[in-house]
Amino acid sequence: MFHVNPEPGAEIHSTDPFAAPAAQRSPARRLRGRLASPVTLWTAPGPAGLTVSSTLVAEGEPDRLLGLIDPESDLWAAIEEAGRFAVAPLGPRHRQLADRFAGLFPSPGGLFALDAWTGTPYGQVPADAGGWAGCRLTAAREYGWSLLVEATIESVDLPGETPPLLHYRGRYHDLPH
C-alpha cells in the first residue's frame, strides 16, 4: 500500500530540506559556497549537457579551459566519446535552463526539448547565449569527488555582451547594474 498524505497541497521550502545544517558541512564546502562562480552550460554531441559552476579559462598558447564535472554524468560519457564540447556562459534569463541541466527542474521531452538551440560541431548552445567556446578534450582525471576536465579552446564566438548568472551560497545571483 502507498502512504497517502491526508493534507491537501505540498509544502514549498525556501531552502533545501535535505541539506545538512551549515554547522555540519565541511569547512571546504562552506568555503566553496562563499566563492561566487559563473554559471555555464557544457554540452557535447549526443546531445548531452550539464550546468557547471566550476569553469576557468587560462590564456596562453594555446588557450585552455578547465572545469570540474560529475564523472558519472551523461555529459562526461558524451565528451569522452566525441572528444569535444561547447561551453556557454549563462545569463540571468537562463535560471530555469540552468536548473533543468543541473537535474533540479523537470525536463519533459528531454533536456534540449525546450528553448531555441544553435547547433555547433562541439554541441548545441542556447541561441540566446552571450557566446560560447568550442573545446577539444586534452585530459581528465579524478580530482576530489569530481573529474577535472582540461581542454584546448579551438573556437570562440562572442556575438554580444550579456550579464552573467552567478552561483553564490547555493543560489543564483545577478550582478548589480
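Quick notes on the rules
Residues numbered from 1 in each chain as written. Predicted model: local features only at pLDDT ≥ 70, side-chain atom pairs only at ≥ 80, totals over all residues. Heavy atoms only, no water. Core = buried A, V, L, I, M, F, W, Y, C linked by side-chain atoms within 4.5 Å. Buried < 20%, exposed > 50% of the residue type's maximum accessible area, 1.4 Å probe, protein only. Helix = DSSP H or I, 4+ residues; strand = E, 2+ residues; numbered from the N terminus. Phe/Tyr/Trp six-rings, centres within 6.5 Å; stacked < 30°, edge-to-face > 60°. Salt bridge = Lys/Arg side-chain N within 4 Å of Asp/Glu carboxyl O. 1 Å grid on protein atoms, 1.4 Å probe; cavity = no way out; pocket = protein on both sides within 12 Å on 5 of 7 lines; lining within 4 Å. Points joined across faces, edges and corners; volume = space filled by probe spheres on them. Nonpolar A, V, L, I, M, F, W, Y, C, P; charged D, E, K, R; others polar. Pairing = 2+ DSSP bridges. Axes fitted to C-alpha atoms, helices over the stretch in contact; angles between N-to-C directions. Contact = heavy atoms within 4.5 Å.

Asker: Explain the nonpolar core to me, please; I cannot follow it from the model alone.
Answerer: What tends to happen in soluble globular proteins is that the nonpolar side chains get buried as a cluster. Of all hydrophobic cores here, the largest spans 19 residues; its most connected members are Trp42, Ile69, Ile79, Phe85 and Cys135. Mapped by element, the contributors of at least two residues to this core are strand E2 (40-44), strand E3 (48-52), strand E5 (64-69), helix H2 (74-82), strand E6 (84-89), strand E9 (132-143) and strand E10 (146-157). Grouped together as the second largest cluster of nonpolar side chains are ten residues, Leu97, Ala98, Phe112 and Trp117 included.

Asker: How do you make sense of the packing of aromatic side chains when you look at a structure like this?
Answerer: Between two aromatic rings, the relevant description is the distance of the centres plus the angle of the planes. Taken as a whole, this structure holds five aromatic pairs when the rule is applied. Ring geometry for Phe101 and Phe112: centres 5.1 Å apart, planes at 80°, overall edge-to-face. Here Phe101 is found in helix H3 (residues 95-101), whereas its partner Phe112 is found in the loop between H3 and strand E7 (117-118), with eleven residues between them in sequence. As far as the burial class goes, Phe101 and Phe112 line up, both buried. The interplanar angle of 65° and the centroid separation of 5.8 Å between the aromatic rings of Phe101 and Trp117 together place this pair among those described as edge-to-face. One end of the pair, Phe101, is in helix H3; the other, Trp117, is in strand E7, with 16 residues separating them in the sequence.

Asker: Mind showing me how you'd approach the pattern of salt bridges here?
Answerer: Any two side chains of opposite charge can pair, so long as their charged atoms come close to each other. Evaluation of the coordinates by the stated rule reveals five salt bridges. Put simply, Arg100 and Asp115 hold a salt bridge, and the shortest N to O gap is 2.4 Å. Of the two residues, Arg100 is situated in helix H3 and Asp115 in the loop between H3 and E7; the sequence distance between them amounts to 15 residues. As a salt-bridge pair, Glu154 and Arg136 come within 3.2 Å of each other at their nearest N and O atoms. Residue Glu154 is located in strand E10, and its partner Arg136 is located in strand E9; the two are separated by 18 residues in the primary sequence. Since its relative accessible area comes to 43%, Glu154 is described here as partly exposed.

Asker: What is the right way to look at the layout of surface pockets in this model?
Answerer: Regions of empty space are outlined by a rolling probe, equal in size to a water molecule, passed over the atoms. Considered as a void within the structure, the second largest pocket measures approximately 460 Å³ in volume. Taken together, 22 residues make up the lining of the second largest pocket; nearest its centre are Pro89, Gly130, Gly131, Trp132 and Leu158. Mapped onto the lining of the second largest pocket, the elements with two or more residues apiece are strand E4 (55-58), E6, E9 and E10. Along the lines of polarity and charge, the residues of the lining of the second largest pocket split into 15 nonpolar, six polar and one charged.

Asker: What am I meant to see in the sheet that holds E9 here?
Answerer: Strands in a sheet are paired, the pairing made by backbone hydrogen bonds, and the direction either parallel or antiparallel. Spatially, E3-E2-E6-E9-E10-E5-E4 is the arrangement adopted by the seven strands of the open sheet, whose pairing is antiparallel. Single-partner strands in this sheet number two, and they are E3 and E4. Between one strand axis and the next, the sheet turns through 30° on average, direction left out of account. The pairing of E5 with E10 spans six bridges and is antiparallel. What sits directly across from Ile69, in E10, is Leu147. Docked against the sheet, H2 engages E2, E3, E5, E6, E9 and E10, running at close to 50° with respect to E2.

Keep in mind these numbers describe shape, not what the thing actually does.
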